[in-house]
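The lines below spell out each chain.
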Amino acid sequence: MPLNDRVKDLSFKANDRQDRQVLQRRKTGPKRLNHKKRDEQKKIALIGWSIPSIEALDYIQRPYIVVSLPEFESYATEHQIPFTKWNFDRNLSYDDIYDQSKELHDILTEQDVDHAIPIFEETVEWAGALNSHFRKDPELYDHSILFRDKAMMKRRAHMGGLKVGVFEEGESKEDVRRFFKRINHSLLRHRDEDPEPIHVKALNKAGAAGHRIIRSEKDIDHKLSDGNFPCLMESHLEGVEISCEAFIQGGKVRFLNITEYVVFGYSMMVPPSPEIEALRPEVRDEVQKVVDVFDIDHGIIHPEFFISNDGTLYFGEVAYRIPGGHIFDLMKKTYGFNPYEAHILCSDPNTTEEELEGVFPDEKNHNGHAGSFLVYPKSEYISGINIPPELEDHPSFEKHTLFRPGVSKVQDQEGYGNHLGTVFFYHEDSEHVKQPLTDYVDHNFFM
Amino acid sequence: MTLDVNTSNTEAFKKAFHTMEEAFPYAKKMYQSDALQAAAKVMEDVDGMKFLYQYADRFDAAGLFEGGPWAEPSKLEPRLVSGSLMASGMTSIVEILSELRMVSIAKGNHEHETVTKEKAKDFLDSVMALNIDILFPEETEAARIEGKGKEKNRAEKLFHFLAEELSLTSIATTLIKEIDGLVAQRPIMVKRTVSMIKDAEQLLNNPINAQDKKAIKKYVQALSGSAKLCKEVKEPCDYRKRLKDATDKELKEEAKAFAKSMHETGLVSDHHVVLVRYFNREKKDLLPIALGLSKKGIAHLDEHFDTVSGLIKVAIHPPMRQSLYGLALLLERGVLSSNPVIPGLRRLIELDLQPDIRKLLLNSINPNEGITANDILVAGVISVLGQPLGIGQGMNPTCQTARGISLWSLHAPGHLLELIPRAARDGDVDVMFEGQMIHSKNLREGLVDDLHEELDPVSLVLVPHMDRIYGELVRRAGFRGDDVHKWVNPAFYGNWVNNGFSSALDPITGSVTDFSGFVRLFYSTHHPELNEGHELIYPNPVGIFITNSFGHLLGLHAVSIQRVAKDPDGEYRIYMYNPNNDSSQIWGQGIEPSVSGHGEIAGESSLPFHQFVARLYAFHYNPYEQGDAYAVDKEEVEKVEKLARESWGEKYTWVDL
């Protein structure tokens, strides 16, 4: 052994002791945000076009400006909705968004805005960037990315002590193959004919967009293309999937809604079946943990959990925005309050305890179960709609929004795509709601 | 007044409607589905329509129609209503509520910016006239077994409400106007006319005005038989027996009455056919009366009596009753004097038909009539030769072939009688194109994938072949740097088409190029006062832009200019043959081809000269029969150009040279 190596070898113990001393003297772990208030006198910018949210702002009389794509400008002008157009480019890197948001920030500042509330998944980082300019705090932007970059999100959750599956970021099919093999090896299933599945997800898309289930090595070649990368690869979690809608103010969960995904991607029910509802205290603890781990002061989060057979909750992902699938409308129906108004109130850091008083109903006291069934086109061309005759006579049928389509060519569908209409159900008994939510998955509502 | 409605349904509607009324204007759309669903529930109640009508004057302001096709009632079209009513889902609910709004406007309960009281009333009258079958549903076995869908039930409720609120009088007037328009064109295929007359017949038991009642009766009798004896003996078989006992005077009266009705309406009754067949056997001298012939017609009948008698025996049967009208007109035209026609017809009687053609022809009538496919084909040829302007394309996009059959029937019956056996016997039609023979049997695709078989027998036989040939000609003439029709039309139709050709569209760029030059050329070759008096001898196959009632472009269409002449008011009009024989064409900008009242021959439609040019996109002309293009009035050219630019022209780029 050369002399130098021996010297190094001898010094490592001393170095290690020194490092430990340094670490004991400073604080490690997540950097806590400095949650600053906004200027009371100024306006709120709603990032994204959502009529119910605009209506909510009008009801609670917070001055606002809507920032959205140019195509909404004429409608806004026609109805005197304060509006600023902005082209949200979907293909920008996070760094580019931060840079470009300065220009939008300047425009909004001129219009007396100093706070931004995101509506949709793709506007979360824009709102984060704007708020970090408004508060002159760049970490606010990084914080918003936590809710967008699924790998960053999972890592944070994992380090905070939430139960997550095993995951890695992947750049190529080879990465997926390696991950798939390792997972199966760990579970001693690598010799099985039917191996353990893994999930491949887009790093930053909403809902099921870019989600592929890999059940064999063949699937890697068949189901994936270059467009799927970079991606997040995850081990499979078993159990019932639920989503939560947590309204947060002052770092505390003020109201927790639990939504049961009856058929993933198609139908959901609020509140969930009694078996799941019984787990509310555990779910609430877990959601509060998410709030703490992610250092959330205010706003709405929409986390998804898997409940395993033994009742353990596994964290799937979390979004910082209004949920899709008409969940807010279902809540409105069963809990009897306006979640859109509550969203605005919770997204405003200045909202006071007095203002929140009486906004939320008792989350344990609901009035029946409400379900929504999203209707997707099943073929590329549609000429009319085809409603099963017995549907409207079902005891839980409430309403639907199916019109004969004006355009027969269906837009490209990604993930679960855009639904063309929704069927709503409502009944005292959750079984009466769950049954039609399951029954019509294979029915083609279009001709 | 107490309404028979379920209170929980009406309360739900009131609440949902109120929420929508109170909503911010921009948010109203969000509450539409609740209000519509609640309205749908109310519609199930007995007096549901009446209840909803109480709110109809507030529908617009509440935002019930906002953001959808119903938002602007002035743009709604009556003929689209029945489709929407039968569509499932929310579409039919909005459509019904939109009708209730129209009633409210028509009654003056609700003033609308763009729809006047009168317009709303006209709209509803047309809707009712077009949907008489919903008002008086058929009591058929099929309807009974199939049961009625939700949509059908709701639609019937709506129409009962409309019938109570509106007078049936104006509906009858509208319906008769529609029938008049169709009948004026004397189409060979009368299925639609007959079904509208059956609809109108339902109105006879309702309080409608005397004049309309008379008109309806006239049409009903044209179908059922207007003569005295036939009213006594309904059953055709008994009628035949009754004729044998009739006196000559009775027979003459009978024949006169039938002939009058046939020439007035273009419609033939079964009894008329029975009478003519009887005369053909027993009372040959009465045939001219039964056919209602003029002196010229009688002369032709006398000249070719044996032939005509043979044709009646073979082809004039109750299932093909309309051919009797064709036969009368054929004699008036004197077509039998054209040398190839008689042997051509004789050949068809015993022609060996292709099995698929036989099947196709037999399918066109009811089974078990005891009639051969050849009989049907001959009857079809009689109709085509008698009514060259009565040929229609049906539901098929084959205006070219229909135009061809019409042209050949008018000017080249011998050629037509060559094409038919080629197709029916040989399963092939050939056309020479620039030295090469094109055989239809070798071609696979034409413009039509699936022939709609509601066609006259001649079209049934020829369209599949001619359509494929036309498609092949278009293919071969492509990429020559000019509109394909320049070469296709003379090859397809024959030497009757002039070789000069001009199009408003630049074939390379697709833009409108030198439009004023195009207009000037048309005026100087077609306007009688500018083209040095050259008469149009053969129909000119031209291309036009079809526009809807707002002047928006729908597509291209083929019609033929039959003649250019002064109408009874002294205005120059273009008289055209439109293979799409629809009575009410409304092309926007006040351009509405008329089918009668402006000197039209039955089957023609016409427009003032400049209005026609404003929809023209291509025409043929004889380069040796041209007047001075510079002599065309500048204002006239500008007038045409303005109409063109503000209608179909909006969809094109305009390039000035």
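All figures in this text were calculated on a predicted structure; none of them were measured in a lab.

Visitor: Sorry, what's going on with the overall build of chain B here?
Guide: Tallying secondary structure elements over chain B gives 31 helices and 10 strands in all. Relative to its full complement of 657 residues, chain B shows a buried share of 56%. Taking the contacts inside chain B whose residues are at least 6 apart along the sequence as the reference set, 71% of them involve residues at least 24 apart. By element, 49% of the accessible surface of chain B is carried by carbon and sulfur atoms, the whole surface being about 28,700 Å².

Visitor: Even after reading the chapter, I still don't get the pattern of salt bridges, so can you show me in this structure?
Guide: Oppositely charged side chains may form a pair once their charged atoms are brought near each other. Residues and elements named next belong to chain A. Summed over all chains, the structure comprises 64 salt bridges over all chains. Glu260 serves as the salt-bridge partner of Lys434, at 3.2 Å between the closest nitrogen and oxygen. Of this pair, Lys434 sits in helix α15 (residues 430-439) while Glu260 sits in strand β10 (residues 252-263), placing them 174 residues apart in sequence. We classify Lys434 as buried; its relative accessible area is 18%. On the basis of relative accessible area, Glu260 is assigned to the buried category, the value being 5%. Here Arg280 makes a salt bridge to Glu277, at a shortest N to O gap of 2.6 Å. By the burial criterion, Arg280 is buried, and Glu277 matches it. Beyond isolated ion pairs, a larger network of salt bridges with shared partners links Lys150, Lys154, Lys201, Glu234 and Glu317.

Visitor: Mind showing me how you'd approach the sheet that holds strand β1 (residues 43-47) of chain A here?
Guide: Whenever strands of a sheet pair, they do so through backbone hydrogen bonds, lying parallel or antiparallel. All names here are of chain A. Pairing is parallel across the open sheet formed by four strands, whose spatial order is β3-β2-β1-β4. Here the strands that pair on one side only, and so sit at the sheet edges, are β3 (83-85) and β4 (113-118). On average, each strand axis in the sheet is inclined to that of its neighbour by 25°, with strand direction left out of account. With three bridges connecting them, strand β2 (residues 64-68) and β3 associate as parallel partners. Its bridge partner lying in β3, Val66 is registered against Phe83. Running at roughly 170° to β2, helix α2 (residues 51-59) makes contact with β1 and β2 of the sheet. Each of β1, β2, β3 and β4 is contacted by helix α4 (residues 94-110), which is oriented at about 155° to β2, the strand it contacts most.

Visitor: Please explain the packing of aromatic side chains as it appears in this structure.
Guide: A ring pair, where both rings are aromatic, is described by two values, the distance of the centres and the angle of the planes. All names here are of chain B. All chains considered together, the criterion is met by 52 aromatic pairs over all chains. Their ring planes at 80° and their centres at 5.4 Å tell us that Phe13 and Tyr55 sit as a pair that is edge-to-face. Here the residue Phe13 occupies a position in helix α1 (residues 7-22), and Tyr55 occupies one in the loop between α3 (48-53) and α4 (59-62), the gap between them amounting to 42 residues. An identical accessibility class is assigned to Phe13 and Tyr55; each is buried. One aromatic cluster is present, built from ring pairs that chain together Phe515, Phe518, Phe522, Tyr523, Phe545, Phe609, Tyr617, Phe619, Tyr621, Trp648, Tyr652 and Trp654.

Visitor: Teacher, can you tell me more about the environment of B:Arg645 here?
Guide: Residues and elements named next belong to chain B. Along the chain, the position of Arg645 falls in helix α31 (residues 634-645). For Arg645, a relative accessible area of 33% gives the class partly exposed. Sequence separation between Arg645 and Val512 is 133 residues; the distance between their C-alpha atoms is 9.7 Å. If sequence neighbours within four positions are ignored, Arg645 has contacts with Glu650, Trp654 and Asp656.

Visitor: Would you mind going over a negative patch on the surface with me for this structure?
Guide: Taken together, the side chains of A:Glu275, A:Glu428, A:Asp429 and A:Glu431 define an acidic patch exposed on the protein surface. Take A:Glu275: its relative accessible area is 55%, and that puts it in the exposed class.

Visitor: Mind showing me how you'd approach the interface of chain B and chain A here?
Guide: You'll often see interface size given as the accessible area lost when the parts meet. Between chain B and chain A, the contact holds 22 residues from the first and 24 residues from the second. When chain B packs against chain A, close to 1,900 Å² is buried across both sides, 55% of that on carbon and sulfur atoms. The largest per-residue losses of area from chain B upon contact with chain A belong to B:Phe24, B:Tyr26 and B:Gln37, which jointly make up 34% of the total buried on that side. Our count for the chain B to chain A interface comes out at one salt bridge. Viewed at the interface, chain A and chain B are joined by eight residue pairs in polar contact (both at pLDDT 80 or more). Elements with a contribution of two residues or more to the side of chain B that touches chain A: α2 (32-43), α5 (81-86) and α6 (90-106) of chain B. Looking at the side of chain B that touches chain A, the element that brings in the most residues is α2(B), giving four residues. Class assignment for the residues of the side of chain B that touches chain A results in 11 nonpolar, seven polar and four charged.

Visitor: When you look at the side chain of A:His302 in this model, what are you seeing that I'm missing?
Guide: All names here are of chain A. Assignment of secondary structure puts His302 in strand β12 (residues 298-307). The exposure class of His302 is buried, given its relative accessible area of 7%. There is a polar contact of 2.9 Å between the side chain of His302 and the side chain of Glu245. Those residues in contact with His302, other than ones at most four positions away along the chain, are Ser243, Cys244, Glu245, Tyr261, Glu317, Val318, Ala319, Arg321, Pro323 and Ile327.

Visitor: Looking at this structure, I do not really get the confidence of the model for chain B. What am I missing?
Guide: Detail in the predicted coordinates should be disregarded across regions flagged by low pLDDT. All names here are of chain B. When pLDDT is averaged across chain B, the result is 90; 96% of the residues are at 70 or more. Within chain B, the lowest mean pLDDT, 46, falls on helix α9 (residues 141-146), and the highest, 97, falls on helix α21 (residues 323-333). Low pLDDT (under 50) marks residues 140-145, which in the prediction has one contact with non-local residues, meaning those over four places away or in another chain. Here the predicted complex carries an ipTM of 0.77, next to a pTM of 0.64.

Visitor: In this structure, what is going on with the packing of helix α12 (residues 191-202) of chain B against helix α13 (residues 210-224) of chain B? I would like to understand it.
Guide: Describing two packed helices takes the angle between their axes plus the distance from one axis to the other. Residues and elements named next belong to chain B. Remark: α12 packs on α13, axes separated minimally by 9 Å, with the N-to-C direction vectors making an angle of 125°. When the axis of α12 is compared with that of α13, the two are oblique. Of the two elements, α12 crosses α13, and the hand of that crossing is left-handed. Each of Val194, Ile197, Ala200 and Glu201 in α12 lies in contact with α13, whose residues at this interface are Ile216, Tyr219, Val220 and Leu223. Within the contact of α12 with α13, the residues separate by chemical class into seven nonpolar, no polar and one charged.

Thresholds applied
- In every chain, residue numbers begin from 1 and rise along the written sequence.
- Think of it this way: whatever chain is written first is A, whatever ligand is written first is 1, and the rest follow in order.
- In view of the model being predicted, local features appear only for residues whose pLDDT reaches at least 70, and side-chain atom pairs are presented and counted only at 80 or more, with totals across whole chains, interfaces and linings using the full set of residues.
- The basis for the side-chain values is all heavy atoms of the structure; hydrogens and waters are excluded.
- Strands here are runs of E lasting at least two residues and helices are runs of H or I lasting at least four, both read from the DSSP assignment and numbered beginning at the N terminus.
- Throughout, exposure labels follow a simple rule: accessible area from a 1.4 Å probe, protein chains only, divided by the maximum for the residue type, with under 20% read as buried, over 50% as exposed, and the rest as partly exposed.
- Two residues form a contact once any of their heavy atoms are found within 4.5 Å.
- Using a 1.4 Å probe, the Shrake-Rupley method yields the accessible areas, and only the shown protein chains count as cover for residues.
- Salt bridges are defined by distance alone: a side-chain nitrogen of Lys or Arg within 4 Å of a carboxyl oxygen of Asp or Glu.
- By definition, two strands form a pair when at least two bridges between them are found by DSSP.
- Here the axes come from fitting lines to C-alpha atoms, over the contacting stretch only for helices, and the angles between their N-to-C directions go from 0 to 180 degrees.
- Centres within 6.5 Å are what make two rings of Phe, Tyr or Trp a pair, Trp counting through its six-membered ring; a difference in plane orientation under 30 degrees is then read as stacked, over 60 as edge-to-face, and the rest as tilted.
- Each patch is assembled from residues with relative accessible area greater than 30% and no salt bridge, linking like charges that lie within 9 Å and nonpolar side chains (Val, Leu, Ile, Met, Phe, Trp, Tyr) that lie within 5 Å.
- Charged-residue counts in this description rest on Lys and Arg as positive and Asp and Glu as negative, His and the chain ends being excluded.
- Where a charge sits is defined by one atom per residue type, namely NZ (Lys), CZ (Arg), CG (Asp) or CD (Glu).
- Summed over both partners, the accessible area lost on bringing two parts together, with a 1.4 Å probe, is the buried area.
- Under the rule applied, a polar contact is a pair of N or O atoms within 3.5 Å (in protein, one hydrogen donor and one hydrogen acceptor; residues adjacent in sequence only if both atoms are side-chain atoms).
- Three classes are used, and their members are as follows: Ala, Val, Leu, Ile, Met, Phe, Trp, Tyr, Cys and Pro are nonpolar, Asp, Glu, Lys and Arg are charged, and the others, Gly among them, are polar.
- The predictor attaches a confidence to each residue, called pLDDT, with possible values from 0 through 100.
- In this scheme, roughly parallel covers angles under 35 degrees and roughly antiparallel covers those over 145, while 65 to 115 is roughly perpendicular and the rest are oblique.
- Note on convention: the crossing is left-handed when the near helix lies turned anticlockwise from the far helix by less than a right angle, right-handed when the turn is clockwise.

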